[in-house]
Amino acid sequence: MDHKLAHFRIGEAAEQSGVSAANIRYYEKEGLLPLGARGENSYRLYSEHDVHQLRFIRLCRAMDMSLQEVRTLQALDWSHKADCDAARDTLDAHLQHVRSRLAELQTLEADLLALRNRCDGTDGTCHIIEALHARADVAPAAPITASGAKRHV
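Cut-offs and rules
Residues numbered from 1 in each chain as written. Predicted model: local features only at pLDDT ≥ 70, side-chain atom pairs only at ≥ 80, totals over all residues. Heavy atoms only, no water. Helix = DSSP H or I, 4+ residues; strand = E, 2+ residues; numbered from the N terminus. Buried < 20%, exposed > 50% of the residue type's maximum accessible area, 1.4 Å probe, protein only. Contact = heavy atoms within 4.5 Å. Salt bridge = Lys/Arg side-chain N within 4 Å of Asp/Glu carboxyl O. Pairing = 2+ DSSP bridges. Arc of directions from axis to C-beta. Phe/Tyr/Trp six-rings, centres within 6.5 Å; stacked < 30°, edge-to-face > 60°. Lys NZ or Arg CZ within 6 Å of the ring centre and 35° of its normal.

K.L.:
Would you mind going over the overall build of the protein chain in detail, with residue names and values included?
P.N.:
Along the backbone of the protein chain there are 6 helices and 3 strands. In sequence order, the protein chain lays out its α and β elements as β-α-α-β-β-α-α-α-α. Residue burial in the protein chain is summarised as follows: out of 153 residues, 25% are buried. Of the contacts formed within the protein chain by residues at least 6 apart in sequence, a portion of 52% connects residues at least 24 apart.

Structure below.
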């Protein structure tokens with residue numbers, strides 16, 4: 001069988017790429033992958049190139065890249081210098097997001113440690129639960145992050 005021309009049903013493409021069938025449909029809906037061709041039996045069919053694209057998407061998503069960042073990188077041609085610059089710019093922006101998120105996580109870690117250290121289990125009441133209830137009494141309506149950074153999905 002010529003693998004360049006092989007067509008996989010969605011379950012086979014999922015197995016070959018490591019991307020679930022549900023995510024394949026989602027990536028099609030989001031325009032990251034063209035809709036699979038339909039065979040005579042109406043099953044979606046995917047080529048080796050499609051499977052490669054799914055692996056590419058999976059790798060980018062595993063690095064916490066947004067769908068837009070994946071779109072940007074997919075559209076680039078590795079043989080053009082301008083596209084190399086665009087790829088670097090995309091990764092630089094993503095690195096900045098990761099650094100912001102790391103700062104948020106470090107702040108969260110310090111907060112959790114301080115909260116954990118409020119109670120050693122020897123008192124008659126749990127000061128951790130007490131502190132959480134006290135915070136809930138004064139919590140704002142909308143979540144606020146320490147750095148103002150937003151989740152990047």
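Structure's up, so let's keep going.
K.L.:
Go over the pattern of salt bridges with me, naming the residues and quoting the values.
P.N.:
For the structure on display, the rule yields 6 salt bridges. Here aspartate 85 ties to lysine 81 by a salt bridge, and the two come within 3.2 Å at their closest N and O atoms. Of this pair, aspartate 85 and lysine 81 both sit in helix α5 (residues 81-116), 4 residues apart, which is roughly one turn of that helix. For lysine 81, a relative accessible area of 60% translates into the label exposed.

K.L.:
Run through the sheet that holds strand β2 (residues 37-38), naming residues and quoting values.
P.N.:
Spatially, β1-β3-β2 is the arrangement adopted by the 3 strands of the open sheet, whose pairing is antiparallel. The open sheet has two edge strands, β1 (8-9) and β2, and neither has a second partner. In terms of strand pairing, β2 meets strand β3 (residues 44-46) through 2 bridges, oriented antiparallel. Across the sheet, alanine 37 pairs through a bridge with leucine 45, a residue of β3.

K.L.:
So what's going on with the environment of arginine 135? Residues and values would help.
P.N.:
Take arginine 135: it is sitting in helix α6 (residues 127-138). Residue arginine 135 is classed as partly exposed on the basis of its relative accessible area of 39%. If we ignore the near neighbours within four places in the chain, the residues touching arginine 135 are Asp111 and Leu115.

K.L.:
If you had to explain unusual backbone geometry to someone new, which residues and values would you point to?
P.N.:
Positive phi is not limited to glycine here, since aspartate 64 has a value of about 65°. Among the structural elements, aspartate 64 can be located in the loop between α3 (48-62) and α4 (67-74).

K.L.:
Got a sec to walk through helix α1 (residues 10-17)? Specific residues and values, please.
P.N.:
Burial in α1 covers these residues: Ile10, Ala13, Ala14 and Ser17. Seen from one end, α1 has its buried residues packed into an arc of 100°, which puts them on one side. Just downstream of α1, glycine 18 is the residue with a positive phi angle, here 80°.

K.L.:
Could you give me a rundown of the environment of leucine 67, with the residues and numbers involved?
P.N.:
Structurally, the position occupied by leucine 67 is in helix α4. Residue classification places leucine 67 among the buried residues on the basis of a relative accessible area of 10%. Contact partners of leucine 67, with chain neighbours within four places excluded, come to Tyr26, Tyr27, Glu30, Leu32 and Arg61.

K.L.:
Give a description of the packing of aromatic side chains that names residues and reports values.
P.N.:
On inspection of all chains with the given rule, the structure shows 1 aromatic pair. An angle of 55° between the planes, with centres 5.8 Å apart, marks the rings of tyrosine 26 and tyrosine 27 as tilted. The ring of tyrosine 43 carries the charged tip of arginine 9 above its face, separated from the ring centre by 5.0 Å.

K.L.:
Can you lay out the side chain of threonine 90 for me, pointing to particular residues and giving the numbers?
P.N.:
Here threonine 90 shows up in helix α5. A relative accessible area of 11% means that threonine 90 is categorised as buried. Among residues more than four places away in sequence, those in contact with threonine 90 are Glu69, Thr72 and Leu73.

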